[in-house]
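# Working through the structure, step by step
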Amino acid sequence: MNAVLQDGFGRQIDYLRMSVTDRCDFRCVYCMAKNMTFLPRQQVLTLEELQRLARLFVGLGVKKIRLTGGEPLIRPGIVGLCRDIAALPGLRELVMTSNGSQLARLARPLVDAGVKRMNISLDSLDGARFRAITRNGDLDRVLDGIEAAKVAGFERIKLNCVVMKGRNFDEVPALVQYAIEQRIDISFIEEMPLGDVGRSRGESFCSSDEVRAAIARHHRLLDSTENSGGPARYVRLERHADTRIGFISPNTHNFCASCNRVRMTVEGRLLLCLGQENSLDLRGLLRRYPLDDQPIIQSIKQALKGKPLQHDFSPGGEVQIVRFMNMSGG
């Protein structure tokens, strides 16, 4: 197999974000509508199909796979899937994004299975506000999960916070302080216009520049050239060397020029861009060619030639992609 996967603009694609479920035990206001309809079982890729696709992409030169959802840890068999993917020759690291609700029981098995790094969503440190943002999440359970992740020994743990005015922007300094105390990293993410969540996103939109300014009132920030293989721009804190702060800014600081990733939804759509609808039906190919990898490999290579140069997100608040975030792969 060709060990370098490139798009039509010469960008090397070595990072696959792979959704293992569209379901979640939370209903976060920026990710889903209050009443969601989830995919029927027959439309969801089996564990064997997920493992096969991971093998094919690693054979094509993918070095990093992130398992996402929905909430990946509610998918039955997830630890075994992690073990199978982590063992693939040529894969540099298997990582995961989780809401943290299941980590108290699964952090250690995940480390043992080969998951190297864990990103954990944390949008508030206030129990009532956390429940309002997640619609049904238990903050204490997530904090227990973060502690379990620290004890389990992941190589790195990072918190993810989607910042929204009127909901949690005022908590940015407290969230940074929590990350400092825990000696872990934190990234602040601009809300993306994916799916009709029943409100105008423009009213709550908060730019990364505003978040950075709020942090800079309390800490001296040092720009960093560090790269974790994803879209975050990092800064260091002058007095707290154990914590990095990342900014993911799809609306205001377009990072498309260096895009090295594709996403795969749990029904097997290979999304060539988070902000576009261009996709390849991998599920159809898997089930049409159960014993022959070559047609799938060729289809992936051909599809990558059509990967867009960039997305068209803007902070105006209008829904630009009908697909919800839980359908896009975290």
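The structure under discussion appears in the preceding block.
Quick look at the structure, then. This structure is a prediction, so every number in the text was calculated from the model and none was measured. (Residues numbered from 1 in each chain as written. Predicted model: local features only at pLDDT ≥ 70, side-chain atom pairs only at ≥ 80, totals over all residues. Heavy atoms only, no water.)

## Structural notes on unusual backbone geometry
Leaving glycine out, the prevailing phi sign among residues is negative, and the prevailing peptide bond configuration is trans. Stated precisely, the cut-off is as follows: Helix numbering and strand numbering both begin at the N terminus, where a helix is a DSSP run of H or I of at least 4 residues and a strand a DSSP run of E of at least 2. Between buried and exposed lies partly exposed: a residue is buried under 20% and exposed over 50% of the maximum accessible area for its type, with that area taken using a 1.4 Å probe on protein chains only.
Residue glycine 70 is reached from glycine 69 by a cis peptide bond, and omega for that bond is 15°. One non-glycine residue, arginine 135, lies in the positive phi region at around 70°. The residue arginine 135 is located in the loop between helix 4 (127–134) and helix 5 (139–152) in this model. When its relative accessible area of 27% is taken as the criterion, arginine 135 is described as partly exposed. The phi dihedral of arginine 183 falls on the positive side, at around 60°, and the residue is not glycine. Position of arginine 183 relative to the elements: it lies in the loop between helix 6 (172–182) and strand 6 (185–190).

## Some details on the packing of helix 3 (residues 103–113) against helix 5
Applied cut-off: For every element, the axis is a line fit to its C-alpha atoms; helices are fit only across the contacting stretch, and the angle between N-to-C directions ranges from 0 to 180 degrees. Geometric relationships in this document are graded by angle, where less than 35 degrees denotes roughly parallel, more than 145 denotes roughly antiparallel, 65 to 115 denotes roughly perpendicular, and other angles denote oblique. For any helix crossing, the convention is left-handed if the near helix is rotated counterclockwise from the far helix by under a right angle, and right-handed if that rotation is clockwise. Here, residues are in contact when the closest pair of their heavy atoms is within 4.5 Å.
Here helix 3 crosses helix 5 at 25°, and the two axes come no closer than 8 Å. Considering the angle they form, helix 3 stands roughly parallel to helix 5. Seen from above, helix 3 lies across helix 5 with right-handed handedness. Between helix 3, through Leu103, Ala104, Ala107, Arg108 and Val111, and helix 5, the contact on the second element is made entirely by Gly145, Ala148, Ala149, Val151 and Ala152.

## Focus: the environment of threonine 37
Considering the arrangement of structural elements, one finds threonine 37 in the loop between strand 1 (15–19) and helix 1 (47–59). For threonine 37, a relative accessible area of 72% puts it in the exposed group. Spatially, the C-alpha atom of threonine 37 lies 9.7 Å from that of aspartate 22, the residues being 15 residues apart in sequence.

## Side note on the pattern of salt bridges
Convention followed: What counts as a salt bridge is simple: a side-chain nitrogen of Lys or Arg found within 4 Å of a carboxyl oxygen of Asp or Glu.
As enumerated under the stated definition, the model contains 17 salt bridges in all. With a closest N to O distance of 3.8 Å, lysine 116 and glutamate 155 form a salt bridge. Of this pair, lysine 116 sits in strand 4 (residues 115–121) while glutamate 155 sits in the loop between helix 5 and strand 5 (156–163), placing them 39 residues apart in sequence. Residue lysine 116 is classed as partly exposed on the basis of its relative accessible area, which comes to 32%. Take glutamate 155: its relative accessible area is 59%, and that puts it in the exposed class. Residue arginine 183 is joined to aspartate 242 by a salt bridge in which the shortest nitrogen-to-oxygen separation is 3.6 Å. Of this pair, arginine 183 sits in the loop between helix 6 and strand 6 while aspartate 242 sits in strand 9 (residues 240–248); the two residues are 59 residues apart in sequence, bridging distant segments of the chain. Relative accessible area serves as the criterion here: at 61%, arginine 183 is assigned to the exposed category. One continuous salt-bridge network, built from bridges that share partners, spans Arg156, Asp185, Glu226, Arg236 and Arg244.

## Some words on the side chain of arginine 66
For clarity, the threshold we go by: Charged residues are defined narrowly, with Lys and Arg counted positive, Asp and Glu counted negative, and His plus the chain ends left uncounted. N or O atoms closer than or at 3.5 Å make up a polar contact, with two conditions inside protein: a donor-capable atom paired with an acceptor-capable one, and, for residues adjacent in sequence, both atoms drawn from side chains.
Along the chain, the position of arginine 66 falls in strand 2 (residues 64–68). Buried charge arginine 66 goes without a salt bridge, the closest partner of opposite sign being glutamate 93 at 6.5 Å. Looking at arginine 66, its side chain comes within polar contact range of the side chain of tyrosine 15, at 2.9 Å. With residues up to four places along the chain from it excluded, the contact list for arginine 66 reads Tyr15, Leu16, Arg17, Met18, Val95, Met96, Thr97, Arg117 and Asn119.

## Some thoughts on the pairing of strand 9
Formally: The pairing criterion is simple: DSSP has to find at least two bridges between the two strands.
Strand direction decides the pairing type here: strand 6 and strand 9, joined by 4 bridges, are parallel. Bridge pairing in strand 9 places isoleucine 186 opposite isoleucine 245. With 5 bridges connecting them, strand 8 (residues 233–237) and strand 9 associate as antiparallel partners. Considered in strand 9, the bridge of valine 235 is made with isoleucine 245. Hairpin connection between strand 8 and strand 9: a loop of 2 residues separates the two successive antiparallel strands.

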